[in-house]
Every structure is written in C-alpha cells, then in structure tokens.
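For reference, the chains in residue letters:
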Amino acid sequence: QTGPTGCPISHGAAGFDPFADGYQQDPPEYVRWAREQEPVFYSPQLGYWVVTRFDDIKAIFRDNLTFSPSIALEKITPTSDEANAVLAGYGFALNRTLVNEDEPAHMPRRRALMEPFTPEALKHHEPMVRQLAREYVDRFINDGRADLVDQMLWEVPLTVAMHFLGVPADDMDTLREYSIAHTVNTWGRPKAEEQVAVAHAVGNFWQHAGRILDKMRAAPDTEGWMQYGIRKQKELPEVVTDSYLHSMMMAGLVAAHETTANATANAVKLLLQHPKVWQEICTDPSLIPNAVEECLRHNGSVAAWRRLATQDVVIGGQAIPAGSKLLIVTSSANHDEQHFVDADLFDIHRDNASDHLTFGYGSHQCMGKNLARMEMQIFLEEFTRRLPHMQLAEQNFSYVPNTSFRGPEHLWVQWDASRNPECSNP
Ligand code: HEM
C-alpha cells in the first residue's frame, strides 16, 4: 500500500486508528512508535497526515497561513446523505468562529473580542466559580463516595461557561446532550445508525443557539461575552458578523465547557493515581498552579488538533502536498523527550510544564486558557482542602470515542466521611 505521495505505508501507519481504545486510553503512548520512528505519517484510515513531535507541531501552529485552521471544526468522519439531510432540515449552518477562521478575517475579530478574557475581567468571575465549587462539594461531602464527573465536573464548568457567555442557566441537561452530540459529530466516528440521532441533536442545538442569541439581542446590555460581541457588531459589522455570532453561540459552549470539565477530570485522576503528589499539594496548595500546568501537559483534555496545508511543504523531513489535512497530536508533543526531560514522568515541579501545547500556540492560542486555569485551580484548592483523604475507586475508564476531546466519562472517588476535616474543624 502506498500513500498520496507514492511512499509505502508502514505497518504502524496502516494500523493507526484514533477511534480505537488504545488511542482513547492514552494517545501519547499509542503514538510513541511514531514519535520515535516515523514522526510524520499518512493514515490511510483517516485520510490525514499525522504529526507527533513537539518542534514540528509548534512550527505548524506558528504559521497559520501555510497551515490553515479552516478544518478545525469540520466533521472528521463524512456522514451519510440521510444524516446530512436531517442537519440541512434544521437550517444547520455552523461556519467560521475564531478557531477555524483564516486571516485576514481572524485577527481583527480576535482583537475586537479579547477584552472579556483579560486577567482583570476574569477576576470578576472568581467568586462565582468558588461558590459553585463549594456548593457542589457540600452536596456529596458526607457520602464518602462520588462520581466527580456526574456530580460536579460536568455541571460546574457548564454553569461557568454559560455565565461567561451570558446564557441564562436553564435546561442544562439538554445542553449537555447537545454538546456531546456536537463532539461526536465533529471529532468522532458515529456508526451509520447513530448518525441520524446525532444529526437531530446537533440540529436542535443549532436552533437552540439561535433562540438564545435572539434573546440576547433583545437585551444587549446584559453581561456576557456574547452580548459583548453583539455590542461590538454595531461598531464593526464586517468583523463581528451574524454568521460568527450564531456559530460561536454553539461552538463557544463546547469550547468553554467540555474542554475544562474533561481537563479537571483528567487532572484529578492523574493526581490521585500519584498519591504522594496528591499529598504534596494538600500540604502545600501553593504548588497547585504548576500542578495544573503539569496535568495539562501530561494528560490534557485536547489530544489533537487539525490544520490544512495550503501549499506544498516539508514537515519533519516528510514532503506533504498542498491540500493535505493534518492531525497534529498535541498530546504526543507534550510527551516528546526532545522538549521535556523524562517526558512520561508526572512532575509537578517541572519548570517548563507550561510549554505544553494543550491550548495550541500562536495566533489562535486558546483565548479562554486563563479562565480554564482559574477554574482548575479553584477546584483543586477546594478538593485538597476539604477532601485530602480522597482516593480513586476501583473502576475502568471510558471515553467518548473521538480524536480530540478527551476525559473520562465517569470518575469514581471515595473517602472516609467520618475523617472529613470539617468534622473535627467545622
Ligand atoms: C482555542 C483548548 C478552554 C475559548 C483553543 C484551541 C485549543 C483550545 C487547542 C485551538 C488553539 C490553536 O489553534 O492554536 C482548550 C483547552 C481548554 C480550553 C484544553 C481547557 C482546559 C477554553 C475556555 C474558553 C475557550 C474556558 C472560553 C471561555 C477558546 C477560543 C478559542 C480557543 C475562543 C479560539 C481562539 C482563536 O482561534 O483565536 N482552545 N480550551 N477555551 N479556545 Fe480554548
């Protein structure tokens, strides 16, 4: 078998399947062979070139003209005509937001919409995040056992995301179902029989986003990043377009919510799998900010991202033709020995932990990274203070099969509630 450039396809490349359990459980381990032997390879199953090393991926992020982000939200698995017709029936027209917008449109829009992400603006959300974290821990602290995903880590970042965007906090469960469908639709491989159900959920999500936007337009002076965009549209209508606002209303919830929920679940899992490290941050919470960076590096919630080569290029010695699609496995870059000493070691004192590429890099780097960091730090502060004796329960971890968004669907933890610090020191 040969690839698009006529080169033979290696055994590893032929077997690469990012929807299989190996990738789902541990993406950097799954592509270790590639990082070490064939850092850029063509995957015939996916129809993408897969890039696995830190330096190559960083160079791709740095050059967003040669490597266009336009395919970042494209369906990775083409769907059936029936599913496409269902989506069309809902008037589905998800288009460019920021993450998949090319220059010259992207930068002026990013600049126009940046202010709500400044550290001063984010400070304003801190008390809300802390209060939510406390309320949710209150609900289960005396039970001695909890599924942290179902009982807290899904809903709290969703609530924070809705506050940040300016969405009224109604029917969360519906939004939860919708946003999972969006992930499967964009980065997953739904079976033919699932595709229609996914298309209905995504179509409903699209229409729901439109209705929320209409409500916001009727009250543009209320707080929120979307209302900020609506006000900016009056000043800069060609920069902040209608299509942008509707697409972002939908994509923004996923960007702000699932990424952070999954990142926290991954972080708590990783910390509890290393009880000495967990005890260390319980004793000295000033270690939490760097521990968060190391968790994002070692086991982040975005495993891979996408770019389109707009011209013939050479990446890591491999010639790649114009029009090629690239899967850049950022989670593999984060385990590259060439950049991180003893890369597989989980070390919360690592001085370059924050060099990770989990938030991307360059002109599209995640705008919400400091909001995500703040949430993760607050959750860990609350857990270490109130549940320092928490342990991981016996369980198998499952993941929603997709290339990019990664976190355990459930995270069972347990503790002896009679030893809660609050019992002795209320
Ligand atoms: C872009 C990851 C949280 C808003 C991105 C990108 C990644 C990412 C990989 C693409 C970067 C690139 O192409 O270079 C994450 C992770 C998060 C997180 C891992 C949590 C741990 C958030 C939050 C928000 C947010 C909380 C909003 C409140 C955005 C926006 C962009 C973006 C608006 C597009 C920026 C642009 O293209 O100019 N994020 N994100 N993200 N993220 Fe996040």
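So, a few notes on the structure that sits alongside this text. Since we're looking at a predicted model, the values are computed, not measured. (Residues numbered from 1 in each chain as written. Predicted model: local features only at pLDDT ≥ 70, side-chain atom pairs only at ≥ 80, totals over all residues. Heavy atoms only, no water.)

Of the protein atoms, Cys366 (SG) alone serves as a donor to the iron atom of the ligand, at 2.3 Å. Here Cys366 shows up in the loop between helix 18 (330-333) and helix 19 (369-386). (Donors = N, O, S within 2.8 Å, 3.2 Å for Na, K, Ca; no water. Helix = DSSP H or I, 4+ residues; strand = E, 2+ residues; numbered from the N terminus.)

So, about empty space enclosed by the protein. For the structure shown, the criterion picks out 1 cavity of 30 Å³ or more. In this model, the largest cavity occupies a volume close to 790 Å³. Along the wall of the largest cavity there are 43 residues; nearest its centre are Val99, Ala255, Thr259, Cys366 and Met367. Of all elements in the fold, only helix 7 (106-112), helix 11 (155-165), helix 12 (172-187), helix 15 (242-272), strand 5 (305-309) and helix 19 reach the threshold of two or more residues within the lining of the largest cavity. The biggest single contributor to the lining of the largest cavity is helix 15, with 9 residues. Looking at the lining of the largest cavity residue by residue, the classes come out as 26 nonpolar, 13 polar and 4 charged. (1 Å grid on protein atoms, 1.4 Å probe; cavity = no way out; pocket = protein on both sides within 12 Å on 5 of 7 lines; lining within 4 Å. Points joined across faces, edges and corners; volume = space filled by probe spheres on them. Nonpolar A, V, L, I, M, F, W, Y, C, P; charged D, E, K, R; others polar.)

Looking at soluble globular proteins, one finds that nonpolar side chains tend to be buried together. Leu148, Met152, Trp225, Ile315, Leu327, Phe383 and Met390 are the most contacted members of the largest nonpolar core, which has 139 residues in total. Counting residues per element, this core draws most heavily on helix 15, which supplies 16 residues. Setting aside residues no more than four positions away along its own chain, Phe383 makes contact with Val137, Leu148, Met152, Leu153, Val268, Trp278, Pro388 and Met390. (Core = buried A, V, L, I, M, F, W, Y, C linked by side-chain atoms within 4.5 Å. Buried < 20%, exposed > 50% of the residue type's maximum accessible area, 1.4 Å probe, protein only. Contact = heavy atoms within 4.5 Å.)

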